[in-house]
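# Descriptive structure summary
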Amino acid sequence: MASRPISTGRLDRLAVGLSGLCAVHCVATAVLLGVLASAGGLLGRPIIHEVGLTLAMLLGTVALGRGIREHGFVLPSAVGIAGLAIMAYAMTLHESGLEPAFTIVGVAVLALGHRLNMMAKHPSF
């Protein structure tokens, strides 16, 4: 059987789901850091954030790039890139305590970009 490439809509839904998981992770980390320092330390390790951002960038590049090719609108990708940039900036804020807040904002903006991408392709979404 020939394999079919994953549709842009499916990639966008996957990316929105990943954004949601990221937001849950950030909130859980903040709560756990306040309640249980040992458990929060595990979730707050930099490698988790680095891997998450890398996955978001790869998935975002593919899904949003395909969206431009399929529907021709640049706005969803521009919004998604802004979200990724906010997330990347958040990773520089380890010592300030603002990292979770900026990450959640970035995740929300990225998810909006993916949602706009889905709506551009399928206006009924």
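Here's what I pulled together on the structure shown here. (Residues numbered from 1 in each chain as written. Predicted model: local features only at pLDDT ≥ 70, side-chain atom pairs only at ≥ 80, totals over all residues. Heavy atoms only, no water.)

Let's shift gears to helix α3 (residues 46–71). For α3, which comprises 26 residues, the first-to-last C-alpha distance of 36 Å matches the rise-based estimate of 38 Å (1.5 Å per residue) to within 8%. Among the residues making up α3, those that are buried are His49, Leu53, Ala56, Leu59, Gly60, Ala63, Leu64, Arg66, Gly67 and His71. Just beyond α3, the residue with positive phi is Gly72, at close to 85°. (Helix = DSSP H or I, 4+ residues; strand = E, 2+ residues; numbered from the N terminus. Expected span 1.5 Å × (residues − 1). Buried < 20%, exposed > 50% of the residue type's maximum accessible area, 1.4 Å probe, protein only.)

So, about the layout of surface pockets. Empty space within the largest pocket amounts to approximately 280 Å³. Lining the largest pocket are 19 residues, and of these Cys22, His49, Gly52, Leu53 and Met87 sit closest to its centre. Of all the secondary-structure elements, those providing two or more residues to the lining of the largest pocket are α1 (8–35), α3 and α5 (99–121). If one sorts the elements of the lining of the largest pocket by residue count, α1 sits on top with 7 residues. Class assignment of the residues belonging to the lining of the largest pocket gives a composition of 13 nonpolar, 6 polar and no charged. (1 Å grid on protein atoms, 1.4 Å probe; cavity = no way out; pocket = protein on both sides within 12 Å on 5 of 7 lines; lining within 4 Å. Points joined across faces, edges and corners; volume = space filled by probe spheres on them. Nonpolar A, V, L, I, M, F, W, Y, C, P; charged D, E, K, R; others polar.)

Turning to the packing of aromatic side chains, a few remarks are in order. One pass over the full model with this rule turns up 1 aromatic pair. Aromatic side chains Tyr89 and Phe102 sit 5.4 Å apart centroid to centroid with 75° between the ring planes, which places their arrangement in the edge-to-face category. Of this pair, Tyr89 sits in helix α4 (residues 75–90) while Phe102 sits in helix α5, and the two are 13 residues apart along the sequence. Look at Tyr89 and you get partly exposed, because its relative accessible area is 44%. (Phe/Tyr/Trp six-rings, centres within 6.5 Å; stacked < 30°, edge-to-face > 60°.)

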